[in-house]
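Okay, here's what each chain looks like letter by letter:
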Amino acid sequence: MLFTFYFLLFTFYFEEDVLADSSNDLNWTVLLPVVAGGLAVWYMLPSTKRRPMVFGALAGLIALVGLAVFLVSGFGDQIPQTVEAGLFFGFSGLAVVFATLMITCRNPARSALSFAIVVLSTCGLFLLLAAPFLMAATIVIYAGAIIVTFLFVIMLSQHGGLSSADLRSRDPDLAVVAGFVLLAALLVGLERVYDWRNVDSAIAHAQQLAEAEKIDPEYLTPLTDGLGDPLPLTPKAEAFLTDLRAALNRVKVASPRSMDDSRLTDHKLVQEIENDMNGLANLGFRHHDAETIRTNCQKIAAGLSRLKALRDGNASFSDVPRSEHGEVKPIGNGPKQLPAANVSAVGRTLFSDHLLAIELAGTLLLVATIGAIAIAGRRGKSS
Amino acid sequence: MISLPHYLAIGAILFVLGLIGFLTRRNLIVMFLSAELMLQGVALNFVAFSRAHGNLHGQVFALFIIAVAACEAGIALAMFLMLYRKKRSLDISLWQALREPGLEETRDTVPLPVEPKEEPLPVLSVSGVEPARKERDYA
Amino acid sequence: MLDPHQILLAVPLLPVLGALLCALFGSVKQLKSWSHVPAVLCAALSCACAFGVVAQLQQSGLPATFPGGDSDRIVWFGMDYAKARLVVEFGLSADHLAGIMLIGVTFIGFWIVVFSIGYMKGSPGFARYFAVVSLFLASMNLLILADNMILMFAGWEGVGLCSYLLVGYWHHKHSAAAAARKAFLVTRLGDVGLILGILLLWFMTGREGFDYARMFSNVPALAENNPVLFPLSCLMIVLGAVGKSAQFPLYVWLPDAMEGPTPVSALIHAATMVTAGVYLLARCTPLMLVVPGVQLTVAIIGAFTALLAAFIALTQHDLKRVLAYSTVSQIGFMFLAVGCAGPALPKIAVVAAIFHLFTHAFFKAVLFLSSGSVMHAMHDVIDMREFSGLRKVLPVTHIAFLCGALALAGIPLFSGFWSKDMVLEAALEAGHSERFGTIYMILFGVALTTALMTAFYTFRAYFRTFWGPLRMPDGAHPHETWVMNLPLIVLAIGAIVVGIAVEPFNQLFSGFLSKAPFLAATPSPEHHLNWPLILGSSAVALIGVGIAYFMYVKQPASAAKAAAAAGSWYAFSLNKLYVDEIFKVLFVQPMNLLAGISSLVDAVVSDLTRLIASIPRAMAVTIKPIQNGLVQFYALAMVVGVTAFIGYLVLFAK
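Once a new chain begins, its residue numbering starts again from 1 and follows that chain's sequence as written. Lettering for chains starts from A, numbering for ligands starts from 1, and both go in the order in which the items are written. Under the rules for a predicted model, residues below a pLDDT of 70 receive no local features and side-chain atom pairs below 80 are neither given nor counted, while totals for whole chains, interfaces and linings still include all residues. Calculated side-chain values reflect all of the structure's heavy atoms, with hydrogen atoms and water omitted.

Trainee: Go over the overall build of chain B with me, naming the residues and quoting the values.
Mentor: Helix and strand definitions follow DSSP, with helices as H or I runs of at least four residues and strands as E runs of at least two, each counted in order from the N terminus. A tally of helices and strands in chain B yields 3 helices and 0 strands. Its helices and strands taken in sequence order, chain B reads α-α-α from the N to the C terminus. For the exposure calls, accessible area comes from a 1.4 Å probe over protein chains only, and a residue counts as buried if that area is under 20% of its type's maximum, exposed if over 50%, partly exposed in between. The buried share of chain B, reckoned over its 139 residues, is 50%. The contact criterion used is simple: two residues touch if any of their non-hydrogen atoms lie within 4.5 Å. The long-range share in chain B, meaning contacts at least 24 apart out of those at least 6 apart in sequence, stands at 57%.

Quick look at the structure:
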């Protein structure tokens, strides 16, 4: 346990490297909601010390604001002032707030009710995602059946009020740390996959350099007599190349190498871009070859765009085998059209593509019912 | 616009909050509610991907999640009732019998803060003559 | 008529059966007090069979054998390959020497077993005693009857084992356990020599077999071809005999072996086991005759031991110790006699030794049994300073002891006189030989002096115990039961008449023994009574008795005055010449040191092993607290693992 704790501490020690290497990965847009949220949750979890609510609420508020900032600016898109955005932020904010309340409330009945509101919020999000049947089903089953059953059980077993179990937490420190580190990793992962701003800016920069009439002398290394070690690049050239490399890291995909190397695979493309960048550095900037600069920048821009398109899903892999079950359309270009007659469409998909699964789910439900009756059915014979 | 990663972020947050609740709270009911919260986060993920891909497989899987969650809830609550019968409490820390033999039980060492005892309400003496009352009026 | 071969086999086999039955009886609760019955019956039957064997020998003159006649040899164990061949057979053969020994062993053994019924009554381990005594009788018979040396060695070891078990009979007593260990280990030293000698002989005779016939065939050529190895092997065999028969320097175990029950002392340490060495040397006479140097060594050892033991016996207070040293001394006589074969005619020397062995068995057994009776009556007190004048209360014991004492002292007409006389005669004749004659003469003088001392200390013991005012220690209740009296009477009669009945007036004994195959070829002596010697040894014995009478009956105070006057001689004798202490410093303490160092090294090794073995346990103890039974802790561990993994992948991996 201690070992993993120290390991997690190490992750924070290495932040400098991480920050220096891949630009704006684990920066304050991620850290603020994560840290503030972690503090809030930790503060509000039940413990033996008396903690006034106000500080927890304050930290929670900061976390929420940070989250909103992350969602707004973290992925590079402009959030339009639409109803969809408002509904999204409303529902998700409600969900997050009441989820926090659920896990930190001492009274289990209040927890159950908070959970009900979380379910309602999540169902609102489902509705935004064009899943009305799921919304209704979730509300009916969760908020209707499951939570009511929970309340019954609480009623049967805790009619005396709060027990000592409700007033304590098991290892809140390590649990909060582990959970929020996981959250940080997930959010950083999301950011890496979906945040193209620096890639876009690198591509634009390369394109601009490719189309320039005259190369900006600030990129070019001063000439020497040609003896000795290679001279260092100018700061601007250095920064440009660093941006390009970061962008390449962002977009390269570990795709399987195909048997036939003559086709243009990802790997080859990445290799070519790297060669181009090296050529840019050596021939272009160091030896003042303007033609090399222009050609390489053009090729780099084109290559990066193609890789980004592959990642986006706007281009298709020419050699990735498709599955036979249903179509897997590339994700990019915004949300797709889903059938309005959602219920019948879900039904059709369910009973044609997932027939075995639904039969098994039915069997599972039957077995669970019998099991529940068998387990809890004995009265008065238990010792 | 609101696209896939936003929903995924919310799904991740719900999942992590549920995870922390599961690991921290000692009441069986709240633990289980946290597990359900985790499932909600996952279901949100699935539905978001379904929207992003343009097919309904994600929604179908979210339906399965609901089915399994229902089964799980049934059995779990039956077991909670049984456990409650054994120890008259819903504290999960009471069930430590599967620890290493020879290891001591983990007990709560820090005492809870003592609630200040409320002053009982003052009892006033009876004023005047007491009216005649029959026993069964006190039912 | 029963097959003589079967009778021969029955002699050692019946006591084995008796031992098994005794052990069986001992393990069944109801039969425990009847455990003596199988032992007595089998001893009696074995004795009857022994008499049968001797009768058949007397009749036919040929040795009885098992398996007899044309039957196949029975192989006990062995390997028989091209290059290596070692085969040991099981075969019994009774010639005249063996016959005499058998009669002595089985007859006296039987009466001692009868005596033990009364002596050992009520002691725990009753069945164990009789089982081991029966086993002893079986081993002794096997030793006597074996027709090859390895089988004889098996019997040799068997009697050593039974001696250990019986001396340590009261094993919870520390001194008894130590004495048993001492007996076993000291005789072990001799056994090493014996087995080496046997193997050397086997090697020299071409590695064909171990039987006596082969070993003793063509001895002169053997001695010529192996000028170094042959005497060496004979010396090794002598070493074995020295160990078992308690001669110098391996005699130290016999006085300590008195810790065992008195019938055990009578049987093993007087009559039978200690005589095994003499029997062996007698058996190996054909070998010894061609190495006069070894013979001289045997004679010197014998005489020296006789003198030494007699000297120590002069001052001992413990009655059984006196008798033990007396045994050592008398066996020294037998060794002296055997050592004279060569210079003297073997028919005289060997017959003298065996005759003395035979009579010694009777009178020493009766002496030990009566002392056992005294000890039983005096409630386990055997220190002569604690009691006196017992002839009034223990009449049968008194008469039996007197008979034995008269025989031991060598008073004329009693059995010991004739046998001791034969020994002296053999020594005298050896003294007349050309080679080593002077030395043998000196040894004769030593033997005569020892006879004087023997008479003195024997009657010292007798007078101190049975004469004087009646004094008994507390808790003594003198009584005599018939089961203990009967053997005393029988053996006392034997002590008196056995000598005169067979020698020297009718040559029954020497005639019978001289027909033994290994002696038959040697020249026969002319029989005459050496009157000067007879008169001389009688005078010596009577002088010894007279001095004892004077010092202990007439003027009891003179004993103390003489002891004070003797000063350091007295101290030397009382403290057994400090031989035990010398041995302790020379041998025992270095061995203890070595054993201590070994056990230290052992402890280090075992501690090291334990240390290494404790490492996994220590590691486990460190990790154990992870399993604390809390579900949430386990889930937390999983989450931390997953987080670490995903965190590394997302945040660090390129």
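Trainee: Would you mind going over the overall build of chain A in detail, with residue names and values included?
Mentor: Scanning chain A for helices and strands turns up 14 helices and 0 strands. What you see in chain A, going N to C, is helices and strands ordered as α-α-α-α-α-α-α-α-α-α-α-α-α-α. By residue count, 41% of the 383 residues in chain A fall in the buried class. Residue burial considers only the protein chains on display, and all accessible areas are found by Shrake-Rupley using a 1.4 Å probe. Of the roughly 20400 Å² of accessible surface on chain A, 65% is carried by carbon and sulfur atoms.

Trainee: Please set out the state of the cysteines residue by residue, giving values where relevant.
Mentor: All names here are of chain C. When two cysteine sulfur atoms are found within 2.5 Å, that pair is recorded as a disulfide. Tallied over the full model, the rule gives 0 disulfides over all chains. Of the cysteine sulfurs around C22, a residue in no disulfide, the closest is that of C42, at 7.5 Å. Considering cysteine sulfurs only, C47 is the nearest to C49, which forms no disulfide, with 9.2 Å between them.

Trainee: Give a detailed account of the pairing of strand β3 (residues 85-90) of chain C, specifying residues and quantitative values.
Mentor: All names here are of chain C. What makes two strands pair is DSSP finding at least two bridges between them. Bridge analysis of strand β2 (residues 74-80) against β3 gives 6 bridges, and the strand direction is antiparallel. Across the sheet, the residue bridging to G78 is V87, located in β3. Linkage of β2 to β3, two consecutive antiparallel strands, is achieved through a turn of 4 residues.

Trainee: Please provide a residue-by-residue account of the pattern of salt bridges, values included.
Mentor: Residue and element names in this part refer to chain C. By salt bridge we mean one thing: a side-chain nitrogen of Lys or Arg within 4 Å of a carboxyl oxygen of Asp or Glu. Summed over the entire model, instances satisfying the criterion amount to 17 salt bridges over all chains. The salt bridge partner of R73 is D147, with a shortest N-O separation of 3.0 Å. With R73 in the loop between β1 (64-66) and β2 and D147 in the loop between α4 (126-145) and α5 (149-167), the pair connects residues that are 74 residues apart, well separated along the chain. Classification of R73 by relative accessible area gives partly exposed; the value is 39%.

Trainee: How would you explain the packing of aromatic side chains if you had to name every residue and give the values?
Mentor: Pairs were defined over the aromatic rings of Phe, Tyr and Trp, the Trp ring being its six-membered one, requiring ring centres within 6.5 Å. Orientation was assigned from the angle between planes: stacked under 30 degrees, edge-to-face over 60, tilted for the rest. Tallying each qualifying case throughout the model produces 39 aromatic pairs over all chains. Here the aromatic rings of F459(C) and Y462(C) are separated by 5.7 Å at their centres, their planes lie at 75°, and the arrangement is edge-to-face. With F459(C) and Y462(C) both in helix α19 (residues 437-466), this residue pair falls 3 residues apart, about one helical turn. In terms of burial, F459(C) and Y462(C) fall into one category: buried. Among the aromatic residues, those joined into a ring-pair cluster are F51(C), F107(C), F110(C), W111(C), F355(C), F358(C), F362(C) and F509(C). The positively charged end of K87(B) is found above the aromatic ring belonging to W95(B), 4.3 Å away from the centroid. Charge-over-ring placement is defined geometrically: NZ (Lys) or CZ (Arg) within 6 Å of the ring centre, and within 35 degrees of the ring normal. In this structure, K420(C) packs its charged tip against the face of F333(C), placed 5.5 Å from the ring centre.

Trainee: A description of the interface of chain C and chain B should follow, citing residues and the corresponding values.
Mentor: Listed by partner, the interface residues are 12 residues for chain C and 17 residues for chain B. Buried area counts how much accessible surface, traced with a 1.4 Å probe, disappears from two parts once they are put together, with both parts' losses summed. Counting the surface lost from both chain C and chain B, the interface buries some 1100 Å², and carbon and sulfur atoms represent 67% of this. Definition of a polar contact: a pair of N or O atoms within 3.5 Å, with one able to donate and the other able to accept a hydrogen when the atoms are protein atoms, and with sequence-neighbouring residues admitted only if both atoms are side-chain atoms. In this structure, the connection of chain C to chain B is made through 3 residue pairs in polar contact (both at pLDDT 80 or more). When residues are grouped by polarity, Ala, Val, Leu, Ile, Met, Phe, Trp, Tyr, Cys and Pro land in nonpolar, Asp, Glu, Lys and Arg in charged, and all others, Gly among them, in polar. Within the side of chain C that touches chain B, the residues separate by chemical class into 7 nonpolar, 4 polar and 1 charged.

Trainee: Describe in detail the interface of chain B and chain A, supporting the description with residues and values.
Mentor: Facing the 77 residues of chain B at the interface are 104 residues of chain A. Summed over both sides, the interface between chain B and chain A buries roughly 8200 Å², with carbon and sulfur atoms accounting for 75% of that surface. Viewed at the interface, chain A and chain B are joined by 1 salt bridge. The partner of R168(A) in a salt bridge is D108(B), and the shortest N-O contact between them spans 3.3 Å. Across the contact surface, chain B and chain A share 14 residue pairs in polar contact (both at pLDDT 80 or more). Secondary-structure elements contributing two or more residues to the side of chain B that touches chain A are α1 (4-24), α2 (28-53) and α3 (57-87) of chain B. The greatest single-element share of the side of chain B that touches chain A, amounting to 23 residues, is contributed by α3(B).

Trainee: How would you summarise the side chain of Q316(C) if you had to cite specific residues and measurements?
Mentor: All names here are of chain C. Position of Q316 among the secondary structure elements: in the loop between α14 (292-313) and α15 (319-339). A polar atom in the side chain of Q316 sits 3.5 Å from the backbone oxygen of I312. Polar side-chain contacts of Q316 include one of 3.4 Å to the backbone oxygen of S573. Setting aside residues up to four positions removed in sequence, Q316 forms contacts with R321, V322, Y325, M384, R460, S573, L574 and K576.

Trainee: Describe α14(C), listing the residues and the values that go with them.
Mentor: In this model α14(C) runs 31 Å from its N-terminal to its C-terminal C-alpha over 22 residues, within 8% of the 32 Å that 1.5 Å per residue would give. Burial analysis of α14(C) places 16 of its 22 residues in the buried class, which makes it a mostly covered element. Multiplying one less than the number of residues by 1.5 Å gives the expected span of a helix.

Trainee: Could you give an account of a nonpolar patch on the surface, naming the residues involved and the relevant values?
Mentor: All names here are of chain C. Nonpolar side chains (Val, Leu, Ile, Met, Phe, Trp, Tyr) are joined into patches within 5 Å and like charges within 9 Å, using only residues with over 30% relative accessible area and no salt bridge. Side chains of L13, V16, L20, L135, L161, Y164 and L165 sit close together on the surface and give an oily, nonpolar patch of about 560 Å² of accessible area. Going through the elements one at a time, α1 (4-27) and α5 are the ones with two or more residues in the nonpolar patch. With respect to the helices, strands and loops of the structure, L20 is situated in helix α1.

Trainee: With reference to specific residues and values, describe the confidence of the model for chain B.
Mentor: On a scale of 0 to 100, pLDDT captures the predictor's confidence in every residue. Residues of chain B with pLDDT of at least 70 account for 96%, and the chain-wide mean is 88. Interface predicted TM-score (ipTM) for the complex: 0.84; the corresponding pTM is 0.63.

Trainee: Tell me what's going on with the packing of helix α7 (residues 132-157) of chain A against α3(B), and back it up with residues and numbers.
Mentor: The convention used is that axes are lines fitted to C-alpha atoms, helices contributing only their stretch in contact, and that angles between N-to-C directions extend from 0 to 180 degrees. One way to put it is that α7(A) packs onto α3(B) with a least axis distance of 11 Å and a crossing angle of 5°. With respect to α3(B), the axis of α7(A) lies roughly parallel. Counted together, F133(A), L134(A), A137(A), T138(A), I141(A), Y142(A), I146(A), T149(A), F150(A), V153(A), L156(A) and S157(A) of α7(A) and Q59(B), A62(B), L63(B), I66(B), A69(B), A70(B), A73(B), L77(B), L81(B) and Y84(B) of α3(B) form the full contact between these two elements. Of the residues assigned to the contact of α7(A) with α3(B), the class counts are 18 nonpolar, 4 polar and no charged. Between 65 and 115 degrees an angle is taken as roughly perpendicular, under 35 as roughly parallel, over 145 as roughly antiparallel, and anywhere else as oblique.

Trainee: Hey, could you go over the packing of helix α18 (residues 415-431) of chain C against helix α23 (residues 531-554) of chain C for me, with residue numbers and the actual values?
Mentor: Residue and element names in this part refer to chain C. Where α18 meets α23, the axes come as close as 10 Å, and the angle between the chain directions of the two elements is 120°. Classified by the interaxial angle, the pair formed by α18 and α23 is oblique. In this structure, α18 crosses over α23, and the sense of that crossing is right-handed. For the pair α18 and α23, contact is made by F417, D421, L424 and E425 and by L533, I534, S537 and S538, respectively. Crossings are classed by handedness, with left-handed meaning an anticlockwise turn of the near helix from the far one by less than a right angle and right-handed meaning a clockwise turn.

Trainee: Lay out the confidence of the model for chain A in plain terms, naming residues and giving numbers.
Mentor: All names here are of chain A. This prediction gives chain A a mean pLDDT of 79; 77% of its residues lie at or above 70. At the low end of the mean pLDDT range in chain A sits helix α2 (residues 15-21), at 37; at the high end sits helix α6 (residues 108-128), at 94. Contacts from residues 13-24, a stretch scored under 50 in pLDDT, to residues over four places away or in other chains number 12 contacts.

Trainee: I'd like to hear about the environment of L92(C), residue by residue, with values.
Mentor: Take L92(C): it is sitting in strand β4 (residues 92-94). A sequence separation of 52 residues divides L92(C) from I144(C), and the C-alpha atoms of the two residues are 8.8 Å apart.

Trainee: Could you give me a rundown of unusual backbone geometry, with the residues and numbers involved?
Mentor: Residue and element names in this part refer to chain C. For the bond running from F248 to P249, omega is 0°, close enough to zero to count as cis. With respect to the helices, strands and loops of the structure, P249 is situated in the loop between α9 (229-244) and α10 (253-256). We note that H379 has phi near 60°; this positive angle belongs to a residue other than glycine. Relative to the helices and strands, H379 resides in the loop between α16 (346-377) and α17 (395-409). Even without being glycine, D380 reaches a positive phi, approximately 70°. By secondary structure assignment, the location of D380 is in the loop between α16 and α17. Note on D380: relative accessible area 57%, which makes it exposed.

Trainee: With reference to specific residues and values, describe α16(C).
Mentor: Residues and elements named next belong to chain C. If you check α16, its first and last C-alpha atoms are 45 Å apart, about what 32 residues at 1.5 Å a residue would give, namely 46 Å. At H360, α16 shows its maximal bend, which comes to roughly 25°. Across the 32 residues of α16, 31 count as buried, placing the element largely inside the fold. Of the residues one or two after α16, H379 is the one with positive phi, at around 60°. The term bend refers to the angle at a residue between two fitted axes, each drawn through seven residues, those ending there and those starting there.

Trainee: Describe the environment of N27(A), and please don't skip the residues or the numbers.
Mentor: Residues and elements named next belong to chain A. Mapped onto the secondary structure, N27 falls in the loop between α2 and α3 (28-44). Residue classification places N27 among the buried residues on the basis of a relative accessible area of 17%. On a C-alpha basis, the gap between N27 and V188 in space is 9.2 Å, while along the polypeptide they are 161 residues apart.

Trainee: Outline the side chain of S123(C), listing residues and values.
Mentor: Examined against the element boundaries, S123(C) turns out to sit in the loop between α3 (96-119) and α4. Among the polar contacts listed, one links the side chain of S123(C) to the side chain of Y169(C), at a separation of 3.4 Å.

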